[in-house]
Amino acid sequence: MPATIRPATVADIDTLFDIRTSVRQNHLSREQMTDLGITPEALTEAIEASPCAWVAEFDGKAGGFAMVDGESGEVFALFVRPEFEGCGLGGLLLAAAEECLFREHASIWLVTDGGEDIRANAFYLGRGWQLAGRVDERDVRYEKVRPAT
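Reading the values: rules and limits
- Residues numbered from 1 in each chain as written.
- Predicted model: local features only at pLDDT ≥ 70, side-chain atom pairs only at ≥ 80, totals over all residues.
- Heavy atoms only, no water.
- Phe/Tyr/Trp six-rings, centres within 6.5 Å; stacked < 30°, edge-to-face > 60°.
- Helix = DSSP H or I, 4+ residues; strand = E, 2+ residues; numbered from the N terminus.
- Lys NZ or Arg CZ within 6 Å of the ring centre and 35° of its normal.
- Core = buried A, V, L, I, M, F, W, Y, C linked by side-chain atoms within 4.5 Å.
- Buried < 20%, exposed > 50% of the residue type's maximum accessible area, 1.4 Å probe, protein only.
- Contact = heavy atoms within 4.5 Å.
- Salt bridge = Lys/Arg side-chain N within 4 Å of Asp/Glu carboxyl O.
- Polar contact = N/O pair within 3.5 Å; in protein donor to acceptor, adjacent residues only side chain to side chain.
- Lys, Arg positive; Asp, Glu negative; His and termini not counted.
- Axes fitted to C-alpha atoms, helices over the stretch in contact; angles between N-to-C directions.
- Parallel < 35°, antiparallel > 145°, perpendicular 65-115°, else oblique.
- Left-handed = near helix turned anticlockwise from the far one by under 90°.
- Nonpolar A, V, L, I, M, F, W, Y, C, P; charged D, E, K, R; others polar.

Evaluation of the coordinates by the stated rule reveals 5 aromatic pairs. Taking 6.0 Å as the distance between ring centres and 40° as the angle between the ring planes, the aromatic pair formed by Phe-65 and Phe-79 counts as tilted. Of this pair, Phe-65 sits in strand β3 (residues 61-69) while Phe-79 sits in strand β4 (residues 74-80), placing them 14 residues apart in sequence. A centroid spacing of 5.2 Å and a plane angle of 70° characterise the contact between Phe-123 and Tyr-124, whose relative ring orientation is edge-to-face. Of note, Arg-30 hangs over the ring of Phe-17, and the distance from its end group to the ring centre comes to 4.0 Å.

Let us now look at the nonpolar core. One broad rule of soluble globular proteins: the nonpolar side chains tend to lie buried together. Within the largest apolar cluster, 42 residues are counted, with the highest numbers of intra-cluster contacts made by Trp-54, Met-67, Leu-78, Tyr-124 and Trp-129. Of all the elements, helix α4 (residues 89-102) adds the most residues to this core, at 8 residues. For Leu-78, the residues in contact, after removing those within four places along its chain, are Phe-65, Ala-66, Gly-90, Leu-93, Leu-94, Phe-123 and Tyr-124.

This brings us to the pattern of salt bridges. The tally for this structure, following the rule as stated, stands at 8 salt bridges. Of the charged contacts in the structure, one is a salt bridge between Glu-85 and Arg-119, with a shortest N-O distance of 2.9 Å. On the criterion of sequence distance, the pair formed by Glu-85 in the loop between β4 and α4 and Arg-119 in helix α5 (residues 119-125) is long-range, its members being 34 residues apart. When its relative accessible area of 35% is taken as the criterion, Glu-85 is described as partly exposed. Within the structure, one salt-bridge network assembled from shared partners comprises Arg-6, Asp-12 and Glu-57.

Phi angles above zero are rare outside glycine, and Asn-26 is one such case at about 60°. Structurally, the position occupied by Asn-26 is in the loop between α1 (13-22) and α2 (30-35). One non-glycine residue, Asp-59, lies in the positive phi region at around 55°. Examined against the element boundaries, Asp-59 turns out to sit in the loop between β2 (53-58) and β3. Residue Asp-59 is classed as partly exposed on the basis of its relative accessible area, which comes to 42%.

Mapped onto the elements, Glu-57 comes out in strand β2. Within polar-contact distance, the side chain of Glu-57 engages the side chain of Arg-6 at 3.1 Å.

Here we come to the side chain of Arg-81. The topology assignment puts Arg-81 in the loop between β4 and α4. Salt bridges are absent for the buried Arg-81, whose nearest opposite-charge side chain, Glu-83, sits at 4.5 Å. For Arg-81, the contacting residues outside a window of four places in its chain are Thr-15, Asp-18, Ile-19, Ser-22, Ala-62 and Gly-63.

At their nearest, the axes of α1 and helix α3 (residues 40-49) sit 10 Å apart, and the two run at 120° to each other. By the angle between their axes, α1 is oblique relative to α3. Where α1 crosses over α3, the handedness of that crossing is right-handed. Contact residues: Ile-13, Leu-16 and Phe-17 in α1; Pro-40, Leu-43, Thr-44 and Ile-47 in α3. Among the residues making up the contact of α1 with α3, the classes are represented as 6 nonpolar, 1 polar and no charged.

Written out as structure tokens, the structure reads:
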């Protein structure tokens, strides 16, 4: 069965947190996310306000998710469970996020860990994102311009 993607709903919030805390790189605990204001209540509010999150499934199991901030043009989150890496979920999720954001923005952005061993950097570069620079001693910013039609 191929990988599929669908809009996330409020019923998926626990799954989103499970996926987010399962990753090996750029890991955050539930407590760390709470400290950053990433709570079930905040996700509920965002999902109910606009279509801003997607769940990718492989063989009927939720393996990854992406979430955007449509107002700022940011890919806010994109995470895949380690056991689903290499199944195409990340590419599906990024394509959905880009399509959503490019409806309203000519240029979109994201921030991720800039460490040399962080696989996300090669993932974004391989999909046409450009390194815009360091945000701080740990994180980097990537940007992508809407393709000409």
